[in-house]
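Take a look at the letters that make up each chain.
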Amino acid sequence: LLGLTITTGAVVSIPFLYYSDSIVKKFGVINSLTWCLLMYGVRYIGYSYTNCAWYAFPYEALEVFTIAMFQVACANFIKENAPKGVLATLTGIAGGAHHGFGKGVGGLAGGIIIEHTKSTKMAFFYFAIMSFVIGGVYGVFAHLINCLKKKKKTQTGNVNGNKDTAEPDEKVEPFLSHDPNVDEDPKFLDVFPSSFVGTPKLLHMRVHQQ
């Protein structure tokens, strides 16, 4: 029976994985991750009220969200936000945090709750409440952060646009010499090399010698 429940979750997830990338892109990474966390709560609530092991199969089928969709959404989130050169590293860390650290801490917390309540159903119920709370908090904060980023980006774009459309500062026209005799006047010093002396249009600096 335990093997069948695992097989059910895997078999249901196979067709979803074919379209998973398109689904996550359509609904958004943050919405997908929030939905996956909320589905954990639905699964745990179902387990907490189940009296027959056979009734667990519908909740095992929800692995299409809690495992398959979660992994795809997590991979997309890392791809969009990972700095250059650390994509594989962060993907490995995310997998280890979910399947390693998360399962370990969850198993430990579940064992402690069962020890104190003497009820497996209560342990699932507490985990369901925790999943709903964490999923809701994550969704709210993630959307707030996204809104702040978009607002800041819009303000930055407006500032840059104003700078681009601003009129350029007035330029001071240089003093151009059209008289070749000016080059021979000892009261003027040419700012250009001597090779330019004698040309009709040169920039000169008038310096009165005391």
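Residues numbered from 1 in each chain as written. Predicted model: local features only at pLDDT ≥ 70, side-chain atom pairs only at ≥ 80, totals over all residues. Heavy atoms only, no water.

Visitor: Before we go on, may I ask you to explain helix α1 (residues 2-27) in this structure?
Guide: An α-helical turn contains 3.6 residues, so a residue and the one three or four places further along point in the same direction. Between the first and last C-alpha of α1 there are merely 33 Å, a value that for 26 residues lags more than 12% behind the 38 Å anticipated at 1.5 Å per step. Y19 marks where α1 bends most, by close to 60°. Buried residues of α1: T5, G9, S13, F16, S20 and V24, and no others. Tucked inside the fold, the buried residues of α1 contact α2 (29-49), α3 (57-60) and α4 (63-81). Positive backbone phi, approximately 95°, marks G28, located one or two places after α1. (Helix = DSSP H or I, 4+ residues; strand = E, 2+ residues; numbered from the N terminus. Expected span 1.5 Å × (residues − 1). Bend = angle between axes of the 7 residues up to and from the residue. Buried < 20%, exposed > 50% of the residue type's maximum accessible area, 1.4 Å probe, protein only. Contact = heavy atoms within 4.5 Å.)

Visitor: Which parts of the structure should I look at to understand the nonpolar core?
Guide: Side chains of a nonpolar character, in soluble globular proteins, are inclined to be buried together. Counting residues in each nonpolar core, the largest one holds 11 residues, listed as F16, V24, V29, L33, C36, V64, A68, M69, F70, V72 and A73. Breaking this core down by element, the ones donating at least two residues are α1, α2 and α4. Tallying contributions element by element places α4 first for this core, with six residues. In contact with A68, other than residues within four places in its own chain, are S13, F16, L17 and E63. Of all hydrophobic cores here, the second largest spans eight residues; its members include Y44, A123, F127 and A128. (Core = buried A, V, L, I, M, F, W, Y, C linked by side-chain atoms within 4.5 Å.)

Visitor: Would you mind going over the packing of aromatic side chains with me for this structure?
Guide: Each aromatic ring pair is described using two quantities: the centre-to-centre distance and the angle formed by the ring planes. Enumeration according to the criterion identifies nine aromatic pairs in this entry. Seen from their ring centres, W35 and F65 are 6.1 Å apart, and the 85° between their planes marks the pair as edge-to-face. Placement of the pair is W35 in helix α2 and F65 in helix α4, with a sequence separation of 30 residues. For F65, a relative accessible area of 23% corresponds to the partly exposed category. Through a chain of ring-to-ring contacts, three or more aromatic side chains come together here, namely Y40, Y44, Y47, Y59, F124 and F127. (Phe/Tyr/Trp six-rings, centres within 6.5 Å; stacked < 30°, edge-to-face > 60°.)

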